Amino acid sequence: MISAVQLKGHTGPLYVLCAGAQSGRFFSAGSDGFVVEWDCATMAQAGKVIRVGEAVYSLHFDRENEILLIGTSGGKIHVVDFRTSKELRCLEVHSKGIFGFYKLDEGLKFMALGGDGQTSLWSYPDFELLNSHQWHGGKCRELVAISSSLYAMATSSGELIVIDPLLSIIQKRFEAHSSGMTSLAIHPKKPILLTGGRDAHMNSWNIENDFEKILSMPLHNYAIYDMSFDPSTTILATASRDKTIKLWDASSMELIQKLDFHAGGHTRSVNDLLWISEKLFVSCGDEGVIVVWSLK
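Along each chain, residue indices are assigned from 1 in the same order as the chain's sequence is written. Local features in this predicted model are restricted to residues of pLDDT 70 or higher, and side-chain atom pairs are both shown and tallied only at a pLDDT of 80 or more, whereas totals for entire chains, interfaces and linings draw on every residue. Side-chain metrics rest on all non-hydrogen atoms present in the structure, leaving aside hydrogens and water.

Participant: Could you give an account of the overall build of the chain, naming the residues involved and the relevant values?
Facilitator: Within the chain one finds zero helices and 28 strands. With C-alpha atoms as the basis for the radius of gyration, the globule rule is written as 2.2 Å multiplied by the number of residues raised to the power 0.38. Taking 296 residues into account, the globule formula puts the C-alpha radius of gyration at 19 Å, and the chain, at 18 Å, falls close to it. Considered along the principal axes of its C-alpha atoms, the chain spans approximately 50 × 45 × 30 Å. Across the chain, every contact between residues at least 6 apart in sequence was considered, and the portion connecting residues at least 24 apart equals 38%. With the model as given, the accessible surface of the chain reaches about 12400 Å², and the carbon-plus-sulfur share is 47%. When charges are counted, neither His nor the chain ends are considered; positive counts come from Lys and Arg and negative counts from Asp and Glu. Charge coordinates come from a single atom per side chain, which is NZ of Lys, CZ of Arg, CG of Asp or CD of Glu. Each charge sign in the chain was given a centre, from 27 positive and 33 negative side chains, and these centres are 5 Å apart. The secondary structure listing takes helices from DSSP runs of H or I that are at least 4 residues long and strands from runs of E that are at least 2 residues long, numbered from the N terminus. Only heavy atoms matter for contacts: two residues are in contact if any of them lie within 4.5 Å across the pair. The Shrake-Rupley method, run with a 1.4 Å probe, gives the accessible areas here. Residue values count only the displayed protein chains as cover.

Listed below in structure tokens is the structure:
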């Protein structure tokens with residue numbers, strides 16, 4: 001049995017969720033330009049609200065240093081001291097939205113993915129620009145590690161680009177989805193890369209065999225915007241523009257359950273997922289609502 005609780009407070013579509021400062025807490029952000037912290041224990045706002053003045057596409061929170069990175073639709077990176085809610089830096093290199101942040105080199109660097117087709121590499125925590133690189137694949141949408149030095153990057157053109165981000169070297173690039181790629185995930189128990197596309201399909205690629213395609217499977221009716229494994233690695237959750245979330249058996253890829261508005265879910269596109277624990281995850285969507293899902 002799965003129960004749903006809706007959290008409201010934002011005034012526009014929501015695009016991103018991020019783990020919060022304490023266990024059971026998370027951040028949400030979207031078109032209204034506010035970053036809000038929530039507490040799953042109370043099912044209410046936790047008190048922290050940060051405003052950046054334009055739509056937020058990406059978030060990253062460093063619990064150790066209590067630094068919050070906020071990427072906006074205009075390409076700005078706001079560096080915020082979470083303890084004081086004060087902005088430490090505003091980094092401006094990208095000309096379009098920031099779609100993600102990724103810590104590299106044992107946390108000494110981070111990379112930002114831009115809608116302008118560029119990535120920017122920064123030292124951390126002093127935030128000096130080390131380099132920026134144009135990959136010529138459309139928007140840089142998502143990045144996942146496939147080895148100690150290589151990462152797979154999803155692009156809006158549909159190309160998968162395997163890169164060494166520290167050296168800006170391309171190891172391999174190929175078309176993964178002809179209509180564009182929207183999500184990535186690494187299988188936690190197998191050497192398999194999963195890609196989600198605007199074509200509503202999930203494709204599986206064998207990392208150890210030069211990214212040979214293993215499977216192409218229709219999961220939704222429209223674009224797959226997120227794919228996320230639960231902490232126990234037994235469930236894969238997928239979110240889609242078709243207004244649904246689907247839970248899959250991570251080993252067999254058999255459908256466990258579809259979560260839609262009939263189950264207390266979303267009425268518009270579902271844009272992001274975040275697992276809080278093995279039995280609790282959160283989703284957000286274009287109607288501006290957060291849904292906390294409890295698996296019982």
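Participant: Residue-level account of a positive patch on the surface, with values.
Facilitator: In this analysis, a patch consists of residues with relative accessible area above 30% that form no salt bridge, clustered at 9 Å for like charges and at 5 Å for the nonpolar side chains Val, Leu, Ile, Met, Phe, Trp and Tyr. When a carboxyl oxygen of Asp or Glu lies within 4 Å of a side-chain nitrogen of Lys or Arg, that pair is called a salt bridge. Taken together, the side chains of Lys96, Lys139, Arg198 and Arg241 present a region of like positive charge at the surface. If you trace the backbone, Lys96 turns up in the loop between strand 9 (86-92) and strand 10 (98-104).

Participant: Before we move on, can you summarise the pattern of salt bridges with the specific residues and values?
Facilitator: Under the criterion given, the structure shown has six salt bridges. Salt-bridge contacts for Asp39 lead to Arg25; the nearest nitrogen and oxygen are separated by 3.4 Å. Of this pair, Asp39 sits in strand 4 (residues 34-39) while Arg25 is found in strand 3 (residues 25-30), placing the two residues 14 residues apart along the sequence. Across the pair, exposure class does not vary: Asp39 and Arg25 are buried alike. Note that Arg83 is salt-bridged to Asp81, the shortest N-O span being 3.3 Å. Relative accessible area decides the class of each residue, using a 1.4 Å probe on protein chains only: under 20% of the type maximum gives buried, over 50% gives exposed, and in between gives partly exposed. For Arg83, a relative accessible area of 52% corresponds to the exposed category.

Participant: Give a detailed account of the pairing of strand 4, specifying residues and quantitative values.
Facilitator: Here strand 4 lies mainly inside the structure; five of its six residues are buried. Pairing of strand 3 with strand 4 involves five bridges; the strand directions are antiparallel. Along strand 4, the bridge assignment pairs Phe26 with Trp38. What sits between the antiparallel neighbours strand 3 and strand 4 is a turn of three residues, in which Gly33 has the positive phi angle 80 degrees. Taken together, the five bridges between strand 4 and strand 5 (residues 44-51) define a ladder with antiparallel strand orientation. Within strand 5, the position partnered with Trp38 by the bridge is Gln45. In this scheme, strands are said to pair when DSSP sees at least two bridges between them. Here strand 4 hands over to strand 5 after four residues, with Met43 in that stretch at a positive phi of 55 degrees.

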